[in-house]
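Understanding the architecture of this molecule
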Amino acid sequence: MGTRNFLWDFGKKCFTFGLIGLTISDRYASIAHVQGLSMYPTFNPNARTFMGSLTDDYVLLEKFCLEKYKFSHGDVIAFRSPNNHREKQIKRIIALPGDWITAPHSYDALRIPEGHCWVEGDNSASSLDSRSFGPVPLGLACGRATHIVWPPQRIGEVERRIPHDRISFG
Amino acid sequence: MKCRRFGGKGEEDMGALSKLSQWRTLAREAAERTAILAKFLCILHVTNTYICTPTLVYGPSMLPTFNLTGDVLLVENLTVRMGKVRPGDVVLVRSPENPRKTVSKRILGMEGDRVTFMIDPKNSNRCQSVVIPKGHVWIQGDNIYASHDSRNFGPVPYGLIQGKVFFRVWPLNGFGSLRQ
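Residues numbered from 1 in each chain as written. Chains lettered and ligands numbered in written order. Predicted model: local features only at pLDDT ≥ 70, side-chain atom pairs only at ≥ 80, totals over all residues. Heavy atoms only, no water.

As for the UniProt feature "domain: Peptidase S26" (unreviewed entry) in chain B
Short version of the rule: UniProt positions are given in the numbering used here, feature names are shortened, and annotations may be inferred rather than shown by experiment. Here a helix means four or more residues in a row that DSSP labels H or I, a strand means two or more in a row labelled E, and each is numbered from the N terminus.
With numbering aligned to this structure, UniProt lists the feature "domain: Peptidase S26" (unreviewed entry) at residues 37-117 and 126-170 of chain B. Helix makes up 9% of residues 126-170 of chain B and strand 49%, whereas the separation of the span's terminal C-alpha atoms amounts to 38 Å.

Okay, structure coming up:
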């Protein structure tokens with residue numbers, strides 16, 4: 001009888017903490033695991049070595065930006081991939097609605113439509129981003145990366161960086 | 001005389017102690033009530049996001065399925081999360097032109113399908129045909145004369161779908177699950 005009560009209480013506590021954790025990670029902030037080299041050297045600068053996969057970066061994603069969908073140029077955001085809704089990607093916002101962006105090595109200029117943004121990885125050589133799948137609707141965003149929280153020697157803020165040569169603000 | 005003075009001082013101490021213990025019980029009760037409220041809000045959030053939520057839709061784009069002035073519908077998220085949405089379902093979609101707006105439309109095609117639609121049904125009979133790319137769906141309002149949908153902004157990514165409508169609560173003469 002005592003063990004049943006204990007298990008029941010323990011189960012209730014786990015369930016409550018699970019619910020609270022889920023709510024906090026949906027509405028306020030959560031931790032995300034960054035895989036891949038598309039944001040080198042901002043994230044995962046050591047992934048080329050053998051032990052690199054154990055020291056992948058973990059970043060803090062804040063969800064307050066999803067209230068009004070207000071992003072700035074140079075923000076690093078996490079979003080659901082337009083080609084596969086189960087995957088999430090982390091890239092940097094280069095252009096916001098109304099801006100004109102030029103494709104590299106070409107004279108074409110593209111206007112970002114309303115409600116969309118142009119995302120690119122910092123490592124242009126190995127990044128699948130808006131240069132292949134076009135502008136991404138802002139409704140797919142699920143958080144903004146503000147700080148790196150792991151590994152301990154890389155704890156710090158994620159900086160904003162804007163390539164001024166390719167974009168003209170609308 | 002002396003005894004009375006000592007008695008008075010003792011009574012003041014007792015008064016201060018009982019006030020302190022009263023504040024402590026009050027604080028403990030307030031903390032418990034706040035914890036219950038926080039747990040309730042968390043359960044509400046999880047139910048609304050992951051299971052089922054009511055919502056009010058209005059506008060002319062889904063006539064005659066939904067009224068112009070407003071219908072209260074029940075929307076479930078489990079089907080969307082499992083990826084089992086099918087053509088013919090009415091879904092809530094975050095608008096690709098304004099992420100703060102959520103619209104209700106019907107899915108007419110999934111990825112890989114070929115969709116044929118009339119570009120401007122009010123003025124001409126011209127049709128156009130489009131193949132839906134991977135990971136996208138084609139959404140269209142039932143009222144093709146007054147609906148701003150995929151015919152204007154193209155196929156939308158599946159990740160923008162918020163939920164599937166399965167039941168109408170208000171108005172009462174339409175109470176029940178939705179038919180095709």
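Thoughts on the nonpolar core
Rules: Only buried residues count toward a nonpolar core, which is a set of Ala, Val, Leu, Ile, Met, Phe, Trp, Tyr and Cys residues joined through side-chain atoms within 4.5 Å. For every residue, the accessible area obtained with a 1.4 Å probe (protein chains only) is divided by the maximum for its type, and the residue is called buried under 20%, exposed over 50%, and partly exposed between those limits. Two residues qualify as a contact provided that any one of their heavy atoms is within 4.5 Å of a heavy atom in the partner residue.
The biggest cluster of nonpolar side chains holds 27 residues, and the ones touching the most others in it are Phe71(A) and Ile161(B). Those elements that place two or more of their residues in this core are strand 3 (76-81) and strand 7 (116-120) of chain A together with strand 3 (90-94), strand 4 (102-109) and strand 7 (136-140) of chain B. Ignoring anything within four residues of it in the chain, the contact list for Ile161(B) reads Val80(B), Val91(B), Leu92(B), Val93(B), Ile107(B) and Val137(B). Of all hydrophobic cores here, the second largest spans 13 residues; its members include Ala32(A), Val34(A), Met39(A) and Val59(A).

A word on the UniProt feature "active site" (unreviewed entry) in chain A
Residue and element names in this part refer to chain A. Residues annotated in UniProt with the feature "active site" (unreviewed entry) correspond here to Ser38 and Lys91. For the annotated residues, spread through 54 residues, the largest C-alpha to C-alpha distance comes to 7.9 Å, consistent with a single compact locus. Among the secondary structure elements, Ser38 is positioned in the loop between strand 1 (29-33) and strand 2 (58-62). Leave out the neighbours within four places in its chain, and Ser38 touches Ile90, Lys91, Gly121, Asp122, Asn123, Ser126 and Ser127. With respect to the helices and strands, Lys91 occurs in strand 4 (residues 84-95).

Quick word on the interface of chain B and chain A
Rules: For any pair of parts, buried area is found by adding up, for both, the accessible area (1.4 Å probe) each one loses once the two are put together. What qualifies as a polar contact is a pair of N or O atoms within 3.5 Å, subject to a donor-acceptor requirement within protein and to the restriction that residues adjacent in sequence count only when both atoms come from side chains. Residue polarity is assigned by list, with Asp, Glu, Lys and Arg as charged and Ala, Val, Leu, Ile, Met, Phe, Trp, Tyr, Cys and Pro as nonpolar; anything else, Gly included, falls into the polar class.
On the side of chain A, 22 residues touch chain B, which itself brings 23 residues to the contact. Contact with chain A buries surface across chain B, with His45(B), Pro99(B) and Arg100(B) losing the most and accounting together for 24% of the total. The interface formed by chain B and chain A holds 6 residue pairs in polar contact (both at pLDDT 80 or more) in total. Among the elements of the structure, helix 1 (2-50) and helix 2 (78-82) of chain B are those that each provide at least two residues to the side of chain B that touches chain A. Tallied by class, residues from the side of chain B that touches chain A come to 11 nonpolar, 6 polar and 6 charged.

Examining the sheet that holds strand 6 (residues 109-111) of chain A
All names here are of chain A. Definition in use: Whether two strands pair depends on DSSP finding at least two bridges between them.
The strand order across the open sheet formed by 3 strands is 6-5-11, and the pairing between neighbours is antiparallel. At either margin of the open sheet sits one strand with a lone partner, and together these are strand 6 and strand 11 (167-168). Here 2 bridges tie strand 5 (residues 100-102) to strand 11, and the two strands are oriented antiparallel to one another. Bridge assignment links Ile101 to a residue of strand 11, and that residue is Ile167.

Some thoughts on the UniProt feature "domain: Peptidase S26" (unreviewed entry) in chain A
Residues given the UniProt feature "domain: Peptidase S26" (unreviewed entry) here are residues 8-103 and 110-150 of chain A. Segment residues 110-150 of chain A splits into 10% helix and 46% strand. End C-alpha atoms: 37 Å apart.

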